[in-house]
Amino acid sequence: MAGVGLRAAARRYLPRRDHGGPRAASSSPSCPGCGPPGPGAHCPGAPRSAPASAPAGGAEPSAHLWARYQDMRRLVHDLLPPEVCSLLNPAAIYANNEISLRNVEVYGFDYDYTLAQYADTLHPEIFSAARDILIEHYKYPEGIRKYDYNPSFAIRGLHYDIQKSLLMKIDAFHYVQLGTAYRGLQPVPDEEVIDLYGGTQHIPLYQMSGFYGKGPSIKQFMDIFSLPEMALLSCVVDHFLGHGLEFDQAHLYKDVTDAIRDVHVKGLMYQWIERDMEKYILRGDETFAVLSRLVAHGKQLFLITNSPFSFVDKGMRHMVGADWRQLFDVVIVQADKPSFFTDRRKPFRKLDEKGSLHWDRITRLEKGKIYRQGNLFDFLRLTEWRGPRVLYFGDHLYSDLADLMLRHGWRTGAIIPELEREIRIINTEQYMHSLTWQQALTGLLERMQTYQDAESRQVLAAWMKERQELRCITKALFNAQFGSIFRTFHNPTYFSRRLVRFSDLYMASLSCLLNYRVDFTFYPRRTPLQHEAPLWMDQLCTGCMKTPFLGDMAHIR
């Protein structure tokens, strides 16, 4: 195709848009924050220098590439009829590990964001109270008061580099997702991020952060209450940078963290919720239905929470009724998780109805009584609830679930409220078409990369640009700054990796249990490993319904 430019070739070989298929991503605005593909974009099994099949009839290679592109667009459109969307159920329970509820005799629960689901309207209250504490008690600049909570800024699972004041999203392989690093409220250019970490996207988390994601250099924000904390931290950094104020990054981080902690420790959040439970507590009737159903089927229940008894008591009375404690065989408050699971030194203390501590030694845990602190080792000794017949639900992967699964062999269920919204996005036609075309285009790039003449390289570069733009569009469907909490562009996030490692089941809310029998068995789908996947979407789209690249790989046998 000598003398014919890339644009002319594209016009000649691109499919028409009047067949109802998705628009090409290249017609959308580019995303400057998205960098080159990260690690893992290349399939290690693909040949790197094997000759591709020659174009038919002596056609120019670039014409052959655009013809394949056109075929793929048509096939993708045909593969995705309208009814293919809405296949996922936001109220379903998803299994990482096979588990039969028939074998579960004991159910345990956290309280906040597990038994009690809170409305998002709680977050701006936490943000504003902590902001005012910074100004009034920590003497931070009055100008910080102009910032309001932005619910669309951050997502759960992000990491914060304290010394670099950098909030970022990291994947399962410890690589920063380019385009998702922010200092204050401003994105940090990809080149600067790479330079900050010695010329790489890789973050040595094992050197910089502990098992529970709490430092010393990098903190991971894992619970839902951390959303206002990330927002406030970013706003304060933004103010200091915008006004040219010098500050110590570690001091600023600690002050913001302490201000957020004060909102909890001083009981401000508890007061707001107690004053208007109808406003803040969601799905209380469904929580009651779950607990009643389990008890009716002979299951034993227990509660282990870090919240104080007076707060839990008021919330449970609102959701379940005054006799809520009769549903539970054991109730433990102010447990101090995750230390509760690892520290043997703290004994149980009994509380009376007024919250006063008793001094007598605890030799058994009685139904209807309230206990404070304690430790899991005494809990196991006194109850003999051990191993896989116990299933514990919580929202914090580290504080609630990690030690129970890794050290004690309990089954675990993660409550992930964000799952409902993400599934609704995944079910949209825009997402399905965008993702499927990305997969198909990626497969085409991989198979056609052996064409290395000048015009073919231009074609491949155009495809790579379109792929990057599609990735940015898909990311923005979830969150404009950070995308999905479960995925980077193609890899699982670090949050997802922990979710799979520390939970047998995960769901949007505890009420999802109502959709299943109490003897139901959850079977995880067999997710193919790279060497087990003969029928990826990109091979389907290229019409290759056999072992991938069989012809192209014949030379390596």
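The coordinates are above.
Conventions we followed
- Residues numbered from 1 in each chain as written.
- Predicted model: local features only at pLDDT ≥ 70, side-chain atom pairs only at ≥ 80, totals over all residues.
- Heavy atoms only, no water.
- Pairing = 2+ DSSP bridges.
- Helix = DSSP H or I, 4+ residues; strand = E, 2+ residues; numbered from the N terminus.
- Buried < 20%, exposed > 50% of the residue type's maximum accessible area, 1.4 Å probe, protein only.
- Phe/Tyr/Trp six-rings, centres within 6.5 Å; stacked < 30°, edge-to-face > 60°.
- Lys NZ or Arg CZ within 6 Å of the ring centre and 35° of its normal.

### Observations regarding the sheet that holds strand β5 (residues 159-161)
Here is step 1: Ordered in space as β8-β7-β6-β5-β9, the 5 strands form an open sheet in which the pairing is antiparallel. Looking at strand neighbours, the two that pair on one side only are β8 (186-187) and β9 (218-220), the edges of this open sheet.
Here is step 2: One ladder, built from 2 bridges, connects strand β7 (residues 176-183) with β8; its direction is antiparallel. Counted as the bridge partner of Tyr182 is Pro187 from β8.

### Some points on the environment of Thr287
Here is step 1: You can see Thr287 is positioned in helix α10 (residues 284-296).
Here is step 2: By relative accessible area, which is 5% here, Thr287 ends up buried.
Here is step 3: Residues Thr287 and Thr114, 173 residues apart in the sequence, show an inter-C-alpha distance of 9.0 Å.

### A short note on the packing of aromatic side chains
Here is step 1: In total, this model carries 36 aromatic pairs according to the counting rule given.
Here is step 2: Taking the centre distance of 5.2 Å and the plane angle of 55 degrees together, the rings of Tyr182 and Phe482 count as tilted. Of the two residues, Tyr182 sits in strand β7 while Phe482 sits in the loop between α17 (454-478) and α18 (494-502), which places them 300 residues apart along the sequence.
Here is step 3: Pairing Phe520 with Phe522 gives two aromatic rings, centres 4.8 Å apart and planes at 65 degrees, and the pair type is edge-to-face.
Here is step 4: The class for Phe520 is partly exposed, based on a relative accessible area of 31%.
Here is step 5: Residue classification places Phe522 among the buried positions, given a relative accessible area of 3%.
Here is step 6: The rings of Phe302, Phe379, Trp385, Tyr392 and Trp410 are connected pair by pair, giving a single aromatic cluster.
Here is step 7: A cation sits over an aromatic face here: Arg73 above Trp437, 4.4 Å from the ring centre.
Here is step 8: Over the ring of Phe377 we find Arg344; its NZ or CZ atom is 3.9 Å from the centre of that ring.

### A few points about unusual backbone geometry
Of all residues except glycine, most have a negative phi; of all peptide bonds, most are trans.
Here is step 1: In this structure, the amide linkage connecting Lys337 to the following residue, Pro338, adopts the cis form with an omega of 5 degrees.
Here is step 2: Tracing the backbone shows Pro338 in the loop between β12 (330-333) and α12 (339-342).
Here is step 3: At Lys139, a residue that is not glycine, the phi angle is positive and equals roughly 60 degrees.
Here is step 4: The phi angle at Gln373 is positive, at roughly 55 degrees, despite the residue not being glycine.
Here is step 5: As for its placement among the helices and strands, Gln373 is situated in strand β14 (residues 370-373).

### Some words on the sheet that holds strand β16 (residues 411-415)
Here is step 1: Strand order in this open sheet of 9 strands is β1-β17-β16-β15-β3-β11-β12-β14-β13, and the pairing throughout is mixed. On the outer flanks of this sheet lie β1 (94-95) and β13 (348-351), each paired with one strand and no other.
Here is step 2: Where β16 meets strand β17 (residues 505-507), 3 bridges bridge the pair, whose relative direction is parallel. Its bridge partner lying in β17, Gly413 is registered against Leu505.

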